[in-house]
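Report on the structure
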Amino acid sequence: SDQALLCFESELREVLAFIKYADDRQKLMRFLDRYCKGRTISGNAVDVINAFTKAKMKRAQQKQEVKMCQAIIELKQIAREEGERKGKREGERKGKREGIKEGKKEGEKKGKLDTLLANIRSLNKTLGLTYEEAMKALRVPKAKREELLKLLPTT
């Protein structure tokens, strides 16, 4: 428990907290922010944390201590970058799905339009109806007739 971790006055507190919350960065950051602010840990403790949790904490020199405030800032940056990558991947997947769906709709619409134009041309040739008469016979709405006339060959 957090209370048990607080019994440790040494850097073991931070090491164990990192291990305990390795899979939940938010809880780790809350714990560190609440109980470890202003504390430092040795380079050896950083090595142990990195080995057990893959935290990738940085230190400039072999013996240098790390301030926990800096560790919190680094964790937040790592979490933000992971969130951005995850959001980008999800956005790409969603965009691809939407694009495919939209493409299918456009394809269906084009297919229906091509069929309608073919039917109008057929009525024109076989029965000698004008395009207007063919569209009336096919019950094409008046608002759509002008658009279709632009797509049909002029006679």
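First things first, this report covers the structure right here in the doc. (Residues numbered from 1 in each chain as written. Predicted model: local features only at pLDDT ≥ 70, side-chain atom pairs only at ≥ 80, totals over all residues. Heavy atoms only, no water.)

Side note on the packing of helix α2 (residues 12-20) against helix α4 (residues 43-53)
- Close contact between α2 and α4 brings their axes to 9 Å; oriented N to C, the two are set at 10°. For the element pair α2 / α4, the angle class is roughly parallel. When α2 is examined against α4, the residues E14, V15, F18 and I19 are found in contact with a partner set consisting of A45, V48, I49, F52 and T53.
- Tallied by class, residues from the contact of α2 with α4 come to seven nonpolar, one polar and one charged. (Axes fitted to C-alpha atoms, helices over the stretch in contact; angles between N-to-C directions. Helix = DSSP H or I, 4+ residues; strand = E, 2+ residues; numbered from the N terminus. Parallel < 35°, antiparallel > 145°, perpendicular 65-115°, else oblique. Contact = heavy atoms within 4.5 Å. Nonpolar A, V, L, I, M, F, W, Y, C, P; charged D, E, K, R; others polar.)

As for the packing of aromatic side chains
- This model, assessed by the stated rule, comprises one aromatic pair.
- Their ring planes at 45° and their centres at 6.1 Å tell us that Y21 and F31 sit as a pair that is tilted. Residue Y21 is located in the loop between α2 and α3 (25-35), and its partner F31 is located in helix α3; the two are separated by ten residues in the primary sequence. Judged on exposure class, the residue Y21 and its partner F31 are both buried. (Phe/Tyr/Trp six-rings, centres within 6.5 Å; stacked < 30°, edge-to-face > 60°. Buried < 20%, exposed > 50% of the residue type's maximum accessible area, 1.4 Å probe, protein only.)

Here's the deal with a positive patch on the surface
- Residues K56, R85, K86 and R89 make up a contiguous surface patch of positive charge.
- With respect to the helices and strands, R89 occurs in helix α5 (residues 68-127).
- Taking relative accessible area as the criterion, R89 reaches 43% and is therefore assigned partly exposed. (Patch = residues over 30% accessible without salt bridge, like charges linked within 9 Å, V, L, I, M, F, W, Y side chains within 5 Å. Areas by Shrake-Rupley, 256 points an atom, 1.4 Å probe, with all protein chains shown as cover. Salt bridge = Lys/Arg side-chain N within 4 Å of Asp/Glu carboxyl O. Lys, Arg positive; Asp, Glu negative; His and termini not counted. Charge placed at Lys NZ, Arg CZ, Asp CG, Glu CD.)

Overview of the side chain of R13
- Along the chain, the position of R13 falls in helix α2.
- With a relative accessible area of 7%, R13 lands in the buried category.
- At 3.0 Å, the side chain of R13 and the backbone oxygen of F8 are in polar contact.
- Apart from residues lying up to four places away in sequence, R13 is in contact with L5, L6, F8, F31, Y35, C36 and R39. (Polar contact = N/O pair within 3.5 Å; in protein donor to acceptor, adjacent residues only side chain to side chain.)

Points about unusual backbone geometry
- We note that R139 has phi near 60°; this positive angle belongs to a residue other than glycine.
- Here R139 is to be found in the loop between α6 (131-137) and α7 (142-151).
- Under the relative-accessibility criterion, R139 is labelled exposed at 75%.

Regarding the nonpolar core
- In this structure, F18, L28, F31, L32, I49 and M57 are the most contacted members of the largest nonpolar core, which totals 17 residues.
- For this core, the secondary structure elements donating two or more residues are α2, α3 and α4.
- In terms of residue count, the dominant contributor to this core is α3 (four residues).
- When sequence neighbours within four positions are dropped, the list of residues in contact with I49 reads E14, V15, F18, I41, K54, A55 and M57. (Core = buried A, V, L, I, M, F, W, Y, C linked by side-chain atoms within 4.5 Å.)

No statement about biological role is implied by the geometric values presented.
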